[in-house]
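Below are the chains, spelled out letter by letter.
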Amino acid sequence: MCTHPNKKTDPRRLEAELAEVIEQVRGTDGGEPSDYLADVDGRDPDSFAVAVCTTDGVQADEGDESRAFALQSVSKAVTYAVALQERGLEPVLQRVGVEPSGAAFNELTLHADGRPYNPLINAGAIMTHALIPGDDEQARMRLLLQRYSDLAAAELSVSQDVLDAELARAHRNLGLAHMLQAADMLPDDAPEVVRGYLAQCSVEVTVSQLATMAATIAAGGVNPVSGERVLEEWVVQQTMSVMFSCGMYDASGQWMAEVGIPAKSGVSGALMGAVPGALGIASWSPRLDGQGNSVRGIGVFEELSARWDLHVLRHRDAMAGLREITGGNAGG
């Protein structure tokens, strides 16, 4: 994916086109919200918001952009990046694979060697959470919240209401953790790790904060809003590789072919995508399709990928129509 170092994003055009896209997709019907929302007060299943943050720090958002929502499974990709950063590649690969599982995201299944197939299914995400440094679940969550906040350029926190709703439905995740513990893969007590994993899923963000997290990944680990390096470049390369192949549940192959953006979805209706060297995109709409992905979110990403030439395998200049040359050598 080639982007021009001397081009800057036109914020007015970015805002105008994002407004067009959200209005175009807003009328999309279908899908049902996740059942955990039934236990969380004040959550409108018809909420809809979209945000973009470019790698040169230009931001735009539309819709219900001020409302916060839980990361849910989007947190799996972010925690994987933090585990890689803190532990290194080989120690993480020894515990979690990188292959699509070919099974449901919460399937009670492991590789023959006892590893979960990848960090974006529940077994892999539970294992990845256990790899975060810390003497207990509180210490792990303090570290994760700090890294999440660094990525978002904002102070983030756990929603207790969402966490309570998740804990009431934790039986299958506990089964996955006990399966990992029985395979001698889980380094800590299964219930403790599951509580911590569900706490990471319950961290709340706005679409603008999530788009900034995605843009930090797209920018090679440097937050384009704060200017802080949060992750090493090899970490985001590894993270985006797994997002590209495994991030959209059972629809990952179709997503890779048709949309072409490394992405991760969650049952809150959150969807995060990162286009290397170009931008981060976030959407939120709680109505989900049969694979657990946001119906409107898919529509947004499909439209933006086509409109802004974002498919990472096209070998073109992403966002070419939104960026202008500002000086220096125009070749490249």
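Residues numbered from 1 in each chain as written. Predicted model: local features only at pLDDT ≥ 70, side-chain atom pairs only at ≥ 80, totals over all residues. Heavy atoms only, no water.

## A closer look at the pattern of salt bridges
Proximity of charged atoms lets side chains of opposite charge pair with each other. Summed over all chains, the structure comprises 13 salt bridges. Here Arg147 makes a salt bridge to Glu86, at a shortest N to O gap of 3.1 Å. Remark: Glu86 occurs in helix α2 (residues 74–87) and Arg147 occurs in helix α5 (residues 137–152); sequence separation between them is 61 residues. The class for Arg147 is partly exposed, based on a relative accessible area of 22%. (Salt bridge = Lys/Arg side-chain N within 4 Å of Asp/Glu carboxyl O. Helix = DSSP H or I, 4+ residues; strand = E, 2+ residues; numbered from the N terminus. Buried < 20%, exposed > 50% of the residue type's maximum accessible area, 1.4 Å probe, protein only.)

## Considering the nonpolar core
The biggest cluster of nonpolar side chains holds 67 residues, and the ones touching the most others in it are Ile126, Met127, Tyr148, Leu186, Leu210, Met213 and Met272. If near-sequence neighbours (up to four positions away) are discounted, Tyr148 is found in contact with Leu71, Ser75, Val78, Thr79, Leu156, Gln200, Val203 and Met213. (Core = buried A, V, L, I, M, F, W, Y, C linked by side-chain atoms within 4.5 Å. Contact = heavy atoms within 4.5 Å.)

## Topic: the packing of helix α6 (residues 160–167) against helix α8 (residues 190–201)
Where α6 contacts α8, the two axes come as close as 9 Å, and the packing angle between them is 135 degrees. Relative to α8, α6 is oriented oblique. Handedness of the crossing formed by α6 with α8: right-handed. Facing Leu163, Glu166 and Leu167 of α6, the residues of α8 in contact are Arg195, Leu198 and Ala199. Residue classes in the contact of α6 with α8 are distributed as four nonpolar, no polar and two charged. (Axes fitted to C-alpha atoms, helices over the stretch in contact; angles between N-to-C directions. Parallel < 35°, antiparallel > 145°, perpendicular 65-115°, else oblique. Left-handed = near helix turned anticlockwise from the far one by under 90°. Nonpolar A, V, L, I, M, F, W, Y, C, P; charged D, E, K, R; others polar.)

## Concerning empty space enclosed by the protein
Scanning the model with the defined rule gives one cavity of 30 Å³ or more in all. In this structure, the largest cavity encloses a volume near 50 Å³. What lines the largest cavity is Tyr36, Leu37, Arg43, Asp44, Phe69, Ala70, Ser268, Trp284 and Pro286. In terms of residue class, the lining of the largest cavity is made up of six nonpolar, one polar and two charged. (1 Å grid on protein atoms, 1.4 Å probe; cavity = no way out; pocket = protein on both sides within 12 Å on 5 of 7 lines; lining within 4 Å. Points joined across faces, edges and corners; volume = space filled by probe spheres on them.)

## So, the UniProt feature "binding site: substrate" (unreviewed entry) in the protein chain
Feature annotation in UniProt places "binding site: substrate" (unreviewed entry) on Ser73, Asn122, Glu166, Asn173, Tyr197, Tyr249 and Val267, given in this structure's numbering. If we skip the residues at most four places from it in the chain, Ser73 touches Tyr249, Lys264, Ser265 and Gly266. With respect to the element layout, Val267 can be found in the loop between β7 (263–265) and β8 (270–275). For Val267, the residues in contact, after removing those within four places along its chain, are Ser34, Tyr36, Gln72, Tyr249 and Leu288. (UniProt positions renumbered as here; feature names shortened; annotations may be inferred.)

## Regarding the packing of aromatic side chains
Aromatic ring pairs are defined here through the distance separating the ring centres and the angle between the ring planes. Overall, the coordinates contain two aromatic pairs when judged by the stated rule. Seen in terms of ring centroids, Phe69 and Trp284 are 4.9 Å apart; in terms of plane orientation they differ by 10 degrees. Their pairing is stacked. A residue pair is termed long-range when its members are at least 10 positions apart, and Phe69 in strand β4 (residues 69–70) and Trp284 in strand β9 (residues 279–284) qualify at 215 residues. Grouping residues by exposure puts Phe69 and Trp284 together as buried. (Phe/Tyr/Trp six-rings, centres within 6.5 Å; stacked < 30°, edge-to-face > 60°.)

## A closer look at helix α9 (residues 207–218)
Between its first and last C-alpha, α9 extends 16 Å over twelve residues, near the 16 Å set by a 1.5 Å rise per residue. Counting buried positions over the twelve residues of α9 gives twelve, a clear majority of the element. Along α9, the residues that are buried comprise Val207, Ser208, Gln209, Leu210, Ala211, Thr212, Met213, Ala214, Ala215, Thr216, Ile217 and Ala218. Directly beyond the C-terminal end of α9, a positive phi value near 80 degrees is found at Gly220. (Expected span 1.5 Å × (residues − 1).)

## Things to note about the sheet that holds β4
Within the open sheet, the three strands sit side by side as β4-β6-β5. Their pairing is antiparallel. On the outer flanks of this sheet lie β4 and β5 (157–158), each paired with one strand and no other. As judged from the two bridges shared by β5 and strand β6 (residues 203–205), these two strands associate in the antiparallel manner. Note that in β6 the partner of Ser157 across the bridge is Glu204. (Pairing = 2+ DSSP bridges.)

## Points about unusual backbone geometry
In this structure, Asp184 takes a positive phi of about 60 degrees despite not being glycine. With respect to the helices and strands, Asp184 occurs in the loop between α7 (171–182) and α8. In this model, Asp309 sits at a positive phi of 60 degrees, which is unusual for a non-glycine residue. Judged by its relative accessible area of 16%, Asp309 is buried.

## A closer look at the sheet that holds strand β2 (residues 49–54)
Taking strand neighbours across the sheet as the criterion, the five strands line up as β3-β2-β9-β8-β7 in an open arrangement whose pairing is antiparallel. Here the strands that pair on one side only, and so sit at the sheet edges, are β3 (59–63) and β7. Adjacent strand axes in the sheet meet at a mean angle of 10 degrees, parallel and antiparallel pairs treated alike. As defined by bridge partners, β8 adjoins β9 across six bridges and the pair is classed as antiparallel. In the strand pairing of β9, Gly273 is matched with Ile281.

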